[in-house]
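Here is how the chains run, residue by residue.
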Amino acid sequence: MGWFDSLVIISDSAVRLAVPLILACLAGLWSERSGVVDIGLEGKMLTGAFAAAAVAVFTGSAWLGLLGGVAASIVVSLIHGYASIDQRANQIVSGTAINMVCDGMTALIGNAIWSQGGRTPQLPDSALFASLTLPFVNEIGAIPIIGDLYRNLLSGHDIVTYFAFLCVPLTYWALYSTRFGLRLRAVGENPAAVDTAGISVRALRYSAVIICGVLVGLSGVYLSIAQAAYFQPHMSAGKGFIALAALVFAKWRPWPALATCLLFGFLDAVSIRMQGAVIPGLGEVPVQAIQALPYVLTVVLLAGFIGKAIPPKASGVPYVKER
Amino acid sequence: MSTPLKPLPAWADVALIPLINVTAAFVISGLVVLAIGENPIEAVKILIGGALGDLEGLGYTLFYATSFIFTGLAVAICFHAGLFNIGVDGQAYLGGLGAALVCLYLPLPGYSLVIVAIPAAALFGAAFAAIPGYLQAKRDSHIVITTIMFNYIASALMGYLLVNTLRNPKQMNPETLPFPRGGTVPQLFELLKPLGIVWPDTPLNLSFFLALAAAVFVWVLIWRTRLGYEIRAVGVNPTAAVYGGVSPSRIVIITTLLSGALAGGLAVNVILGSEHRLVLEFTAGFGFVGIAVALMGRAHPVGIVLAAILFGVLYQGGAELAFDMPRISRDMIVVIQGLVVLFAGALEHLFRRPVAALLARRISQPPI
Amino acid sequence: MTSATGAPPAIELVGVDKSFGPVHANKNVNLRVERGVIHGIVGENGAGKSTLMSILYGFYEADAGQILVNGEPVRIRSSREAISHGIGMVHQHFMLVPPLSVLENVMLGAEGGPLLKAGAKAVRAQLAHLAKVYALEVDPDAIVGELSVGLQQRVEILKALVRGAEILVLDEPTAVLTPSEADQLFDMLRVLKSQNKTIIFITHKLREIMSLTDRVSVMRRGEMVATFETSQTSPPELADAMVGRKVILKIEKAPARPGAVVLEARGLRVKDDRGVTRLEDVSFSLRAGEILGVAGVAGNGQSELLEALAGIRPLASGEIWLNGAVLPAAARDPKAMRRLGVGHVPEDRHRVGLIMPFEACESAMLGFQDEKVYGAGLLFDRGAIIADEAAKMEAYDIRPPAPRLKTANFSGGNQQKIVLAREIERNPAVILVGQPTRGVDIGAIEFIHKRIVALRDAGKAVLLVSVELDEIFALADRILVLCGGRVTGERLPEETNAQDLGLLMAGVEQAA
């Protein structure tokens, strides 16, 4: 049963690699659906990761770490929100600035505190989110195939992972079934319509920016105190940008965002596993080709060769009341 | 309800506001240093001492500045056309490939090799920028997103080539064979030695002068040629440009090509001028420094050269600072860079209203 | 129809005054709108209709004056407050969210709770009810962006009704509609009126006023000049009130001596950026040595006409002939048209004709940047550029005579002279002139008018588009009237008057 086991193992690792992408991608979705373009996901992810690890180091609590990571990410989000909403800044410039500041600041502070080149000390297991075992693993696990999937793929993840997957239906529900979601979708497309309906554009956009901060902060929390057991400079390694690509690829919709993030996570897992592997007749698989695939696919989509990715109409445009 | 902003006098617009913005970035950086528990004034002293205190420091400072002039110009020329090219890093990376291919595979005699390698770097940079430029002009694909994607595509492509195809077989490191001597841009200390002038052994090379020439070229192009006129027209007011017979999509493509070519200058300085072989990730994020340099220099070549030298000081002095004050790692420079982008770019109007109010009060006050 | 029942008027405005900087948009406006009537408001562009309605809908607050709804004085500071007083607005540019469904658009801001489900059910029922009572049928699950313009407007009306609007304000509602859609709208409004809703209908088309409204108020230059019972007035009387007794600017002008036909338009059809047809079957010819004035209320296709002739906007169909030869589509870009000797002074100098942050001398070569005078080689000759503009500034008395000053720092009149100098000094055979004196001071107006007449006398063919009837009368040798993108009439100035043109501009076609 070699190939099946391999598939389960790759899928399991794909899930783990997809978690930060899902959270960050949904974060971007909330922000951009409200009309605030966010290329600063990477920086906020790092901020969340660093703050979570730092708080966990000092308190020994994963939950306090989570709070710290999310709070720090919200603060950064609000800076971007202030620039984008109140200062009517160029949102790309603001996002770029945030990526730089966060990238430098996390490493700088980490180094200043622990003098290990920006790395935090290794966290003890008690300060990490442990993997949870789903009920009846032994019973269901005994069933062939389904049991393997249950035991090795569904069970054994930490709470952040389960929450990330829960966020997809939550986001979907909030966007399409609540008053807030309706208004949010409207404000990203035509803020004037929202304004004339007597609803505050500013309050809506700030709420969206805060939700974005929470979710992308969680993706950072996952990186440092669930997936790894430390913070290390630049540890997000471009995941914020892959999430951005996934958002474009998913055309700013929650379920396709999940599918895209899983696909990108899967590609990542395959590329790790394929390192040095030789496929008969093809020779060695260039790992980099698989790594570049998400970006290539996104560009192809953006170019309109396979469908068209149309962003929310008002995204990136500050709202100025007319006349 | 906000009242419309009164226009500021020109001097305040051109000099005072940018100065206040950059100052704000540095004041906050100082506060960060203070929070870390070091003395900011002491830090500045070490930084400037390390960067400008001796000829060696100066050499490195100008070497870094050379890279930043190129990337700053690359970002700025796009600003003039109303475009945001975040892909300078990737374009420079590909520029390095162009230079390396010429130096490794073209059997040209002597320094004719580098004379071909330099345009090759520009050409490869331009070609890599051409795709996002074309997609923006013809398919309306947002150049910000595509250039971000292209940075990662460049990274993967170059990683593959350096590991699998171009790697020096005698080395484990992903780097090529050293280039022949004719495939290098001469360093300053080599040139000055025969003249009896002592210049320390630093990577500062003739690319510095090429960068200054590029700055002059960009200035002439933007303010003294028809193409520059049309670039600025498209950047400021595309509707009026169309009325004036200018095709915005043509301008978008030409501008991104020029931007990519300028990005190739980073490869000339680092690969041909210093490393003398192609190495992994040699761009070191300097393409992003270009964003800060272009914003701080207000997209004007003179401002860009000055901002590039300032960032050269920060990068060189920052290395010294990290050595003397280990708690302030070189990441401090990235923080400063980000704060400059934040205050000179995103929050550029933050101080406008207070300054306008202040000036208005000053002017309306009766003379005593 | 009057307040015979003793009920207070639905809306009463008392002494409403509003200024934007130096522009006095509403001057001491009084208006009484009785309950259950369709009340029209007419006026030319810039008469202050839209400002007045924006005040009523809480977009602006008036500087002075009072608003009474059903006899109660109220303050309306936001759209929300307007809605709560039962005022609904159908904007000229719809306030809809195209990717959302009809139901979602209608619910927006009136969701009836934090979850959509209950509200959606109620609104769906309400829509079904409204469909039955007012014959306002729309599929609630259709995506708004995929609906026709007429149906989108219906959604706007439904939005207001679902919010409990008793008073409905429609701002130029027929501007975007086809004639049959407009008829449907009128039927709809009549049904609403029969259910005792009050409707304020803003338009400049007298035909619509006559066929739809019960009463009509006329605005002119920010003032409310008259209110009539529609049955007791006539289009000529309304046109008179709209246009007023204008001071005719007299220009010393010899009779025209028209030469050969230079420019000819045959069956032009032009669409705007949104794909809406703005010009339909427009044909005319323009001779050397004459000024053809194109009159019309703004937004009736004049802009598209100028853009099409200047090569900026493609033709959906039709032909443009120049000097007896048809111009193929490939030869109709702005650069080519300039080379063929067609000059163009665009209507909007801020957005199109000049580049505000550029130096005046740079703005003064827009469109001609390729010419050798500005530098024969690769580089511009800055000296020549500055000298060229300095000479033009002298000839056109542009102040300050500073070619290197930023374009934005010149006054409106001087900016316009920069454009005129640029276009006229090229000695074009045809010159297209749009709104040459909009936002220009009196002194400059006279100067500009004389220049245009001088061009004609020099044998140039001049096409003058203006929404100012005075200007048309002062300059034109022949007058073409556009309404709704069609030519509604052609007149000689000596055989017509403001009232006659006003009727044509309002879409009332009649024999000369």
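For clarity, every value in this text was computed on a predicted model and none was experimentally measured.

## Considerations on the sheet that holds strand β11 (residues 261–271) of chain C
Residue and element names in this part refer to chain C.
Link 1 in the chain: Strand order in the open sheet formed by 4 strands is β12-β11-β14-β15, and the pairing between neighbours is antiparallel. In the strand order of this sheet, the two ends are held by β12 (277–287) and β15 (325–326), each with one partner.
Link 2 in the chain: Pairing geometry for strand β14 (residues 317–322) and β15, over 2 bridges, is antiparallel. Its bridge partner being in β15, Leu322 is matched across the sheet by Ala325.
Link 3 in the chain: This element, helix α9 (residues 302–309), spans β11, β12 and β14 of the sheet and lies at about 60 degrees to β12.

## What about the interface of chain C and chain B?
Link 1 in the chain: In this assembly, 32 residues from chain C lie in contact with 17 residues from chain B.
Link 2 in the chain: Taken over both partners, the interface formed by chain C and chain B buries close to 2,100 Å², and the fraction arising from carbon and sulfur atoms is 57%.
Link 3 in the chain: Contact with chain B buries surface across chain C, with Phe358, Gln369 and Phe380 of chain C losing the most and accounting together for 27% of the total.
Link 4 in the chain: Seen at the junction of chain C and chain B, the total is 15 residue pairs in polar contact (both at pLDDT 80 or more).
Link 5 in the chain: For the side of chain C that touches chain B, the elements supplying multiple residues, two or more each, are α10 (334–339), α11 (349–353), α12 (360–363) and α14 (412–424) of chain C.
Link 6 in the chain: Top contributing element to the side of chain C that touches chain B by residue count: α11 of chain C, with 4 residues.
Link 7 in the chain: A breakdown of the residues in the side of chain C that touches chain B according to their chemical character gives 14 nonpolar, 8 polar and 10 charged.

## Brief notes about the packing of helix α13 (residues 287–302) of chain A against helix α6 (residues 143–165) of chain B
Link 1 in the chain: At their nearest, the axes of α13 of chain A and α6 of chain B sit 9 Å apart, and the two run at 155 degrees to each other. Classified by the angle between their axes, α13 of chain A and α6 of chain B sit roughly antiparallel to one another. As α13 of chain A runs across α6 of chain B, the sense of the crossing is left-handed. Residues Gln288, Ala292, Tyr295, Val296, Thr298, Val299 and Leu302 of chain A of α13 of chain A pack against Ile145, Thr146, Met149, Phe150, Tyr152, Ile153, Ala156, Gly159, Tyr160 and Val163 of chain B of α6 of chain B.
Link 2 in the chain: Here the residues of the contact of α13 of chain A with α6 of chain B sort into 13 nonpolar, 4 polar and no charged.

## What to know about the sheet that holds strand β1 (residues 11–20) of chain C
Residues and elements named next belong to chain C.
Link 1 in the chain: Strand order in the open sheet made by the 4 strands is β2-β1-β4-β5, with antiparallel pairing throughout. The open sheet has two free edges, formed respectively by β2 (23–33) and β5 (72–74), since each of these has just one partner strand. Averaged over all pairs of adjacent strands, the angle between strand axes in this sheet comes to 30 degrees, irrespective of strand direction.
Link 2 in the chain: In the sheet, β1 pairs with β2 via 7 bridges, with the strands oriented antiparallel. Bridge pairing in β2 links Phe20 to Val23.
Link 3 in the chain: Most of the contacts of helix α1 (residues 49–56) go to β1, to which it runs at about 115 degrees, and overall it touches β1, β2 and β4 (64–69).

## Focus: the side chain of Thr96 of chain A
Link 1 in the chain: Mapped onto the fold, Thr96 of chain A is located in helix α4 (residues 91–114).
Link 2 in the chain: Residue contacts for Thr96 of chain A: discarding those within four places in its chain leaves Ile39 of chain A together with Phe84, Ile86 and Ile291 of chain B.

## A closer look at unusual backbone geometry
Residue and element names in this part refer to chain C.
Link 1 in the chain: Following Arg399, the chain continues into Pro400 via a peptide bond in cis, with omega recorded as -10 degrees.
Link 2 in the chain: Of note, Pro400 is situated in the loop between α13 (382–395) and α14.
Link 3 in the chain: Even without being a glycine, Asn28 presents a positive backbone phi close to 45 degrees.
Link 4 in the chain: If you trace the backbone, Asn28 turns up in strand β2.

Cut-offs and rules
Residues numbered from 1 in each chain as written. Chains lettered and ligands numbered in written order. Predicted model: local features only at pLDDT ≥ 70, side-chain atom pairs only at ≥ 80, totals over all residues. Heavy atoms only, no water. Pairing = 2+ DSSP bridges. Helix = DSSP H or I, 4+ residues; strand = E, 2+ residues; numbered from the N terminus. Contact = heavy atoms within 4.5 Å. Axes fitted to C-alpha atoms, helices over the stretch in contact; angles between N-to-C directions. Buried area = accessible area lost by both parts, 1.4 Å probe. Polar contact = N/O pair within 3.5 Å; in protein donor to acceptor, adjacent residues only side chain to side chain. Nonpolar A, V, L, I, M, F, W, Y, C, P; charged D, E, K, R; others polar. Parallel < 35°, antiparallel > 145°, perpendicular 65-115°, else oblique. Left-handed = near helix turned anticlockwise from the far one by under 90°.

Any functional reading would require information beyond the geometric quantities listed.
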